[in-house]
There are 2 protein chains.
Amino acid sequence: MTAIKESSTIQENKHYALEKCPVTFVMEKIGGYWKPIILYHLSTGDKRYSELKRAIPAVTEKMLIQHLKQLETDGLVIREAKPVVPPFVTYSLSEAGKGLLPVIDAMAAWAFKVKDGVYSV
Amino acid sequence: MTAIKESSTIQENKHYALEKCPVTFVMEKIGGYWKPIILYHLSTGDKRYSELKRAIPAVTEKMLIQHLKQLETDGLVIREAKPVVPPFVTYSLSEAGKGLLPVIDAMAAWAFKVKDGVYSV
DNA sequence: CATGATACATACTTTAGGGTAAGTACTTGT
DNA sequence: ACAAGTACTTACCCTAAAGTATGTATCATG
(Lines give C-alpha, C1' and ligand atoms only; values in the text may rest on other atoms or scores of the structure.)
Protein backbone atom coordinates (compact mmCIF):
# COMPACT_ATOMS: atom_id res chain seq x y z
CA MET A 1 0.00 0.00 0.00
CA THR A 2 2.01 2.80 -1.35
CA ALA A 3 2.06 5.82 0.90
CA ILE A 4 0.55 8.97 -0.53
CA LYS A 5 1.97 12.43 -0.26
CA GLU A 6 -0.25 14.64 1.82
CA SER A 7 0.44 17.92 0.07
CA SER A 8 0.01 17.78 -3.69
CA THR A 9 -2.50 19.40 -5.98
CA ILE A 10 -3.50 16.05 -7.30
CA GLN A 11 -4.58 14.96 -3.83
CA GLU A 12 -6.42 18.21 -3.20
CA ASN A 13 -8.25 17.81 -6.48
CA LYS A 14 -9.07 14.24 -5.67
CA HIS A 15 -10.48 15.46 -2.41
CA TYR A 16 -12.50 18.11 -4.23
CA ALA A 17 -13.86 15.55 -6.67
CA LEU A 18 -14.58 13.18 -3.81
CA GLU A 19 -16.67 15.77 -2.02
CA LYS A 20 -18.46 17.06 -5.07
CA CYS A 21 -18.92 13.90 -7.06
CA PRO A 22 -20.41 10.64 -5.82
CA VAL A 23 -19.24 8.98 -9.00
CA THR A 24 -15.64 9.80 -8.22
CA PHE A 25 -16.25 8.42 -4.75
CA VAL A 26 -17.28 5.10 -6.28
CA MET A 27 -14.41 5.22 -8.73
CA GLU A 28 -12.00 5.55 -5.81
CA LYS A 29 -13.35 2.28 -4.49
CA ILE A 30 -13.52 0.20 -7.63
CA GLY A 31 -11.01 1.98 -9.83
CA GLY A 32 -7.73 0.35 -10.79
CA TYR A 33 -7.11 -2.36 -13.31
CA TRP A 34 -7.90 -5.31 -11.13
CA LYS A 35 -10.48 -4.29 -8.57
CA PRO A 36 -13.52 -4.75 -10.82
CA ILE A 37 -12.20 -8.11 -11.92
CA ILE A 38 -11.65 -9.20 -8.34
CA LEU A 39 -15.12 -8.00 -7.44
CA TYR A 40 -16.52 -9.92 -10.36
CA HIS A 41 -14.85 -13.13 -9.29
CA LEU A 42 -16.10 -12.69 -5.74
CA SER A 43 -19.64 -11.98 -6.94
CA THR A 44 -20.14 -15.69 -7.56
CA GLY A 45 -19.23 -16.61 -4.01
CA ASP A 46 -16.28 -16.43 -1.65
CA LYS A 47 -12.90 -17.51 -2.87
CA ARG A 48 -9.57 -18.42 -1.37
CA TYR A 49 -6.58 -16.25 -2.11
CA SER A 50 -5.02 -18.92 -4.27
CA GLU A 51 -8.28 -19.44 -6.13
CA LEU A 52 -8.36 -15.77 -7.05
CA LYS A 53 -4.73 -15.97 -8.11
CA ARG A 54 -5.47 -18.84 -10.43
CA ALA A 55 -8.69 -17.27 -11.68
CA ILE A 56 -6.84 -14.10 -12.70
CA PRO A 57 -3.50 -15.36 -13.97
CA ALA A 58 -2.42 -12.01 -15.41
CA VAL A 59 -2.42 -10.23 -12.05
CA THR A 60 0.75 -10.20 -9.99
CA GLU A 61 0.61 -11.26 -6.36
CA LYS A 62 1.57 -7.80 -5.22
CA MET A 63 -1.33 -6.21 -7.07
CA LEU A 64 -3.72 -8.89 -5.93
CA ILE A 65 -3.17 -8.52 -2.20
CA GLN A 66 -2.69 -4.78 -2.50
CA HIS A 67 -6.14 -4.44 -4.01
CA LEU A 68 -7.64 -7.02 -1.71
CA LYS A 69 -6.33 -5.09 1.30
CA GLN A 70 -7.69 -1.87 -0.11
CA LEU A 71 -11.07 -3.42 -0.81
CA GLU A 72 -11.01 -4.78 2.71
CA THR A 73 -10.22 -1.45 4.37
CA ASP A 74 -12.86 0.13 2.14
CA GLY A 75 -15.32 -2.37 3.60
CA LEU A 76 -16.18 -3.99 0.29
CA VAL A 77 -14.72 -7.40 0.93
CA ILE A 78 -14.36 -9.47 4.05
CA ARG A 79 -11.21 -11.41 4.80
CA GLU A 80 -11.47 -14.51 6.93
CA ALA A 81 -8.35 -16.38 7.97
CA LYS A 82 -8.42 -19.76 9.64
CA PRO A 83 -5.54 -20.08 12.10
CA VAL A 84 -4.11 -23.17 10.46
CA VAL A 85 -0.99 -23.94 8.60
CA PRO A 86 -0.76 -23.84 5.65
CA PRO A 87 -2.87 -20.68 5.81
CA PHE A 88 -6.49 -20.80 4.74
CA VAL A 89 -7.84 -17.38 3.83
CA THR A 90 -11.12 -16.65 2.13
CA TYR A 91 -12.38 -13.41 0.68
CA SER A 92 -16.03 -12.56 0.22
CA LEU A 93 -18.17 -9.56 -0.60
CA SER A 94 -19.56 -7.52 2.28
CA GLU A 95 -23.05 -6.08 2.14
CA ALA A 96 -21.59 -2.85 0.80
CA GLY A 97 -19.69 -4.87 -1.77
CA LYS A 98 -22.82 -6.67 -2.83
CA GLY A 99 -24.52 -3.31 -3.07
CA LEU A 100 -22.12 -2.47 -5.86
CA LEU A 101 -23.22 -5.34 -8.05
CA PRO A 102 -26.06 -3.35 -9.68
CA VAL A 103 -23.45 -0.75 -10.63
CA ILE A 104 -21.23 -3.43 -12.10
CA ASP A 105 -24.21 -4.87 -13.96
CA ALA A 106 -25.23 -1.48 -15.35
CA MET A 107 -21.68 -0.99 -16.57
CA ALA A 108 -21.56 -4.41 -18.18
CA ALA A 109 -24.91 -3.79 -19.84
CA TRP A 110 -23.66 -0.55 -21.36
CA ALA A 111 -20.40 -2.15 -22.47
CA PHE A 112 -22.24 -4.92 -24.25
CA LYS A 113 -24.55 -2.43 -25.92
CA VAL A 114 -21.53 -0.60 -27.26
CA LYS A 115 -19.92 -3.82 -28.48
CA ASP A 116 -23.19 -4.88 -30.10
CA GLY A 117 -23.26 -1.58 -31.96
CA VAL A 118 -26.41 -0.30 -30.29
CA TYR A 119 -24.77 3.10 -30.11
CA SER A 120 -23.02 4.47 -33.16
CA VAL A 121 -19.67 4.98 -31.50
CA MET B 1 -3.70 13.69 -25.49
CA THR B 2 -0.62 11.95 -24.35
CA ALA B 3 0.56 9.33 -26.79
CA ILE B 4 0.64 5.82 -25.39
CA LYS B 5 3.46 3.38 -25.82
CA GLU B 6 2.35 0.29 -27.60
CA SER B 7 4.64 -2.20 -25.91
CA SER B 8 4.55 -2.17 -22.12
CA THR B 9 3.22 -4.68 -19.64
CA ILE B 10 0.76 -2.19 -18.30
CA GLN B 11 -0.75 -1.81 -21.75
CA GLU B 12 -0.88 -5.56 -22.28
CA ASN B 13 -2.61 -5.99 -18.97
CA LYS B 14 -5.01 -3.19 -19.79
CA HIS B 15 -5.76 -4.99 -23.01
CA TYR B 16 -6.35 -8.20 -21.09
CA ALA B 17 -8.68 -6.47 -18.67
CA LEU B 18 -10.44 -4.71 -21.52
CA GLU B 19 -11.15 -7.97 -23.28
CA LYS B 20 -12.14 -9.87 -20.19
CA CYS B 21 -13.91 -7.20 -18.23
CA PRO B 22 -16.70 -4.97 -19.45
CA VAL B 23 -16.37 -2.93 -16.28
CA THR B 24 -12.80 -2.04 -17.12
CA PHE B 25 -14.02 -1.09 -20.57
CA VAL B 26 -16.42 1.40 -19.03
CA MET B 27 -13.76 2.59 -16.61
CA GLU B 28 -11.54 3.39 -19.57
CA LYS B 29 -14.24 5.70 -20.84
CA ILE B 30 -15.30 7.47 -17.69
CA GLY B 31 -12.23 6.99 -15.52
CA GLY B 32 -10.03 9.91 -14.53
CA TYR B 33 -10.70 12.59 -11.99
CA TRP B 34 -12.75 14.89 -14.13
CA LYS B 35 -14.63 12.82 -16.68
CA PRO B 36 -17.50 11.83 -14.39
CA ILE B 37 -17.86 15.41 -13.26
CA ILE B 38 -17.93 16.67 -16.83
CA LEU B 39 -20.48 14.03 -17.70
CA TYR B 40 -22.55 15.05 -14.73
CA HIS B 41 -22.57 18.68 -15.76
CA LEU B 42 -23.55 17.75 -19.30
CA SER B 43 -26.36 15.49 -18.07
CA THR B 44 -28.48 18.55 -17.37
CA GLY B 45 -28.15 19.84 -20.91
CA ASP B 46 -25.48 21.07 -23.31
CA LYS B 47 -22.93 23.54 -22.08
CA ARG B 48 -20.42 25.90 -23.61
CA TYR B 49 -16.74 25.31 -22.95
CA SER B 50 -16.54 28.37 -20.75
CA GLU B 51 -19.64 27.32 -18.82
CA LEU B 52 -18.01 24.01 -17.98
CA LYS B 53 -14.85 25.82 -16.98
CA ARG B 54 -16.77 28.03 -14.59
CA ALA B 55 -18.89 25.14 -13.33
CA ILE B 56 -15.78 23.15 -12.39
CA PRO B 57 -13.34 25.79 -11.13
CA ALA B 58 -10.80 23.28 -9.79
CA VAL B 59 -10.08 21.76 -13.18
CA THR B 60 -7.27 23.19 -15.29
CA GLU B 61 -7.98 24.10 -18.89
CA LYS B 62 -5.55 21.47 -20.09
CA MET B 63 -7.39 18.71 -18.25
CA LEU B 64 -10.76 20.03 -19.32
CA ILE B 65 -10.18 20.01 -23.07
CA GLN B 66 -8.05 16.89 -22.86
CA HIS B 67 -10.93 15.00 -21.31
CA LEU B 68 -13.49 16.64 -23.54
CA LYS B 69 -11.51 15.57 -26.61
CA GLN B 70 -11.22 12.07 -25.24
CA LEU B 71 -14.91 11.89 -24.46
CA GLU B 72 -15.57 13.16 -27.96
CA THR B 73 -13.39 10.58 -29.68
CA ASP B 74 -14.95 7.95 -27.46
CA GLY B 75 -18.31 9.04 -28.83
CA LEU B 76 -19.75 10.06 -25.48
CA VAL B 77 -20.03 13.78 -26.08
CA ILE B 78 -20.70 15.83 -29.17
CA ARG B 79 -18.81 19.01 -29.89
CA GLU B 80 -20.49 21.69 -31.95
CA ALA B 81 -18.60 24.79 -32.99
CA LYS B 82 -20.24 27.78 -34.58
CA PRO B 83 -17.84 29.43 -37.04
CA VAL B 84 -17.99 32.79 -35.36
CA VAL B 85 -15.54 34.90 -33.52
CA PRO B 86 -15.21 34.86 -30.59
CA PRO B 87 -15.63 31.06 -30.81
CA PHE B 88 -18.88 29.51 -29.70
CA VAL B 89 -18.49 25.84 -28.85
CA THR B 90 -21.07 23.68 -27.11
CA TYR B 91 -20.69 20.20 -25.73
CA SER B 92 -23.53 17.76 -25.26
CA LEU B 93 -24.05 14.10 -24.48
CA SER B 94 -24.39 11.68 -27.39
CA GLU B 95 -26.84 8.79 -27.24
CA ALA B 96 -24.03 6.58 -25.96
CA GLY B 97 -23.23 9.21 -23.39
CA LYS B 98 -26.83 9.38 -22.28
CA GLY B 99 -26.80 5.59 -22.09
CA LEU B 100 -24.24 5.94 -19.32
CA LEU B 101 -26.53 7.96 -17.10
CA PRO B 102 -28.10 4.88 -15.46
CA VAL B 103 -24.58 3.78 -14.55
CA ILE B 104 -23.84 7.19 -13.10
CA ASP B 105 -27.13 7.09 -11.21
CA ALA B 106 -26.44 3.63 -9.81
CA MET B 107 -23.06 4.84 -8.63
CA ALA B 108 -24.50 7.94 -7.03
CA ALA B 109 -27.19 5.87 -5.32
CA TRP B 110 -24.58 3.59 -3.82
CA ALA B 111 -22.38 6.50 -2.76
CA PHE B 112 -25.27 8.15 -0.96
CA LYS B 113 -26.18 4.89 0.75
CA VAL B 114 -22.63 4.66 2.05
CA LYS B 115 -22.66 8.26 3.24
CA ASP B 116 -26.03 7.74 4.91
CA GLY B 117 -24.57 4.81 6.78
CA VAL B 118 -26.80 2.21 5.16
CA TYR B 119 -23.78 -0.06 4.96
CA SER B 120 -21.56 -0.44 7.97
CA VAL B 121 -18.37 0.63 6.27
C1' DC C 1 -3.93 50.67 -27.77
C1' DA C 2 -4.30 47.54 -24.51
C1' DT C 3 -7.21 44.56 -21.86
C1' DG C 4 -10.52 40.85 -21.60
C1' DA C 5 -13.17 37.14 -23.44
C1' DT C 6 -13.49 33.26 -26.56
C1' DA C 7 -11.49 28.21 -27.13
C1' DC C 8 -7.89 26.01 -27.24
C1' DA C 9 -2.32 24.19 -27.74
C1' DT C 10 2.12 22.79 -26.11
C1' DA C 11 6.50 22.14 -23.55
C1' DC C 12 7.93 20.64 -19.21
C1' DT C 13 7.55 18.52 -14.45
C1' DT C 14 5.62 15.65 -10.84
C1' DT C 15 3.29 11.73 -8.78
C1' DA C 16 0.40 7.86 -8.11
C1' DG C 17 -0.14 3.62 -9.60
C1' DG C 18 1.25 -0.43 -11.63
C1' DG C 19 5.14 -3.97 -12.53
C1' DT C 20 9.56 -6.98 -11.36
C1' DA C 21 11.91 -9.80 -8.56
C1' DA C 22 13.02 -11.75 -4.64
C1' DG C 23 12.30 -13.25 0.22
C1' DT C 24 9.48 -15.06 4.57
C1' DA C 25 7.39 -18.82 7.59
C1' DC C 26 5.54 -23.06 8.19
C1' DT C 27 4.11 -27.81 6.77
C1' DT C 28 3.31 -31.84 3.86
C1' DG C 29 4.78 -35.03 0.42
C1' DT C 30 8.74 -37.80 -1.99
C1' DA D 1 16.73 -33.09 2.43
C1' DC D 2 14.43 -30.61 -0.68
C1' DA D 3 10.70 -29.11 -3.52
C1' DA D 4 6.00 -27.40 -3.46
C1' DG D 5 2.05 -25.09 -1.68
C1' DT D 6 -0.01 -21.76 1.59
C1' DA D 7 -0.49 -16.37 1.98
C1' DC D 8 1.74 -12.80 1.95
C1' DT D 9 5.90 -8.72 2.24
C1' DT D 10 9.36 -5.59 0.69
C1' DA D 11 12.67 -2.95 -2.07
C1' DC D 12 13.19 -0.95 -6.34
C1' DC D 13 11.85 0.71 -11.14
C1' DC D 14 8.97 2.61 -14.92
C1' DT D 15 5.23 4.99 -17.05
C1' DA D 16 0.69 7.03 -17.76
C1' DA D 17 -1.88 10.48 -16.08
C1' DA D 18 -2.30 14.67 -13.79
C1' DG D 19 -0.48 19.50 -12.95
C1' DT D 20 2.19 24.15 -14.13
C1' DA D 21 2.97 27.71 -17.06
C1' DT D 22 2.76 30.06 -21.01
C1' DG D 23 1.37 31.04 -25.82
C1' DT D 24 -2.06 31.57 -29.93
C1' DA D 25 -5.78 34.00 -32.82
C1' DT D 26 -9.62 36.99 -33.29
C1' DC D 27 -12.76 40.54 -32.04
C1' DA D 28 -15.22 44.01 -28.90
C1' DT D 29 -14.88 47.46 -25.54
C1' DG D 30 -13.02 51.15 -22.68
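Residues numbered from 1 in each chain as written. Chains lettered and ligands numbered in written order. Predicted model: local features only at pLDDT ≥ 70, side-chain atom pairs only at ≥ 80, totals over all residues. Heavy atoms only, no water.

Comments concerning the relation of the copies chain B and chain A
Item 1. Least-squares fitting of chain B to chain A yields an RMSD of 0.1 Å, with the transformation described by 0.0 Å of translation along the axis and a rotation of 179°. Here the transformation between the copies is reduced to the relation of a two-fold axis. No C-alpha of chain B approaches the rotation axis more nearly than that of Val103(B), which lies at 3.0 Å.
Item 2. Counting the interface residues of chain B, we find that 98% of their copies in chain A are interface residues as well, pointing to one common contact surface. (Least-squares fit on C-alpha atoms with pLDDT ≥ 70 in both. Contact = heavy atoms within 4.5 Å.)

Some points on the interface of chain B and chain A
Bring the parts together and some accessible area is lost; that lost area is often taken as the interface size.
Item 1. Facing 44 residues of chain B, the contacting portion of chain A comprises 43 residues.
Item 2. Buried surface at the junction of chain B and chain A, both sides included, amounts to about 3700 Å², of which 82% is carbon and sulfur.
Item 3. Where chain B meets chain A, there are zero salt bridges.
Item 4. The interface formed by chain B and chain A includes two residue pairs in polar contact (both at pLDDT 80 or more).
Item 5. For the side of chain B that touches chain A, the secondary structure elements donating two or more residues are helix H1 (9-20), helix H2 (22-30), helix H3 (35-43), helix H6 (95-99) and helix H7 (101-115) of chain B. (Buried area = accessible area lost by both parts, 1.4 Å probe. Salt bridge = Lys/Arg side-chain N within 4 Å of Asp/Glu carboxyl O. Polar contact = N/O pair within 3.5 Å; in protein donor to acceptor, adjacent residues only side chain to side chain. Helix = DSSP H or I, 4+ residues; strand = E, 2+ residues; numbered from the N terminus.)

Some points on the protein's contact with DNA strand D
Item 1. The immediate surroundings of DNA strand D are formed by 28 residues, with Asn13(A), Ile65(A), Arg79(A), Tyr91(A) and Lys62(B) found nearest.
Item 2. Among the atoms of DNA strand D lying within 4 Å of the protein, the sugar-phosphate backbone contributes 73%.
Item 3. Note that a phosphate oxygen of DNA strand D is positioned 2.9 Å from one of the side-chain N or O atoms of Ser50(A).
Item 4. The side chain of Glu61(A) places a nitrogen or oxygen atom 3.2 Å from a base nitrogen of DNA strand D.
Item 5. Those elements giving two or more residues to the surface near DNA strand D turn out to be helix H1 (9-20), helix H4 (49-55), helix H5 (61-73) and strand S3 (88-93) of chain A together with H1 and helix H5 (61-73) of chain B.
Item 6. Counting residues per element, the surface near DNA strand D draws most heavily on H5(A), at four residues. (Near = heavy atom within 4 Å.)

Focus on the nonpolar core
Item 1. Within the largest apolar cluster, 65 residues are counted, with the highest numbers of intra-cluster contacts made by Met107(A), Trp110(A), Met107(B) and Trp110(B).
Item 2. Top element by residues in this core is helix H7 (residues 101-115) of chain A. It accounts for seven residues.
Item 3. Non-local contacts of Trp110(B), meaning those with residues more than four positions away in its chain, are made with Phe25(A), Val26(A), Lys29(A), Leu76(A), Ala96(A), Gly99(A), Leu100(A), Val103(A) and Tyr119(B). (Core = buried A, V, L, I, M, F, W, Y, C linked by side-chain atoms within 4.5 Å. Buried < 20%, exposed > 50% of the residue type's maximum accessible area, 1.4 Å probe, protein only.)

Some details on the pairing of S3(A)
Residue and element names in this part refer to chain A.
Item 1. Summarising burial for S3: five of the six residues are buried, a large majority.
Item 2. Note that strand S1 (residues 47-48) and S3 share two bridges and pair antiparallel. Bridged to Lys-47 within S3 is Tyr-91.
Item 3. For strand S2 (residues 77-82) and S3, the ladder comprises six bridges, and the chain directions are antiparallel. (Pairing = 2+ DSSP bridges.)

Remember, this is a structural readout, not a statement about activity or role.
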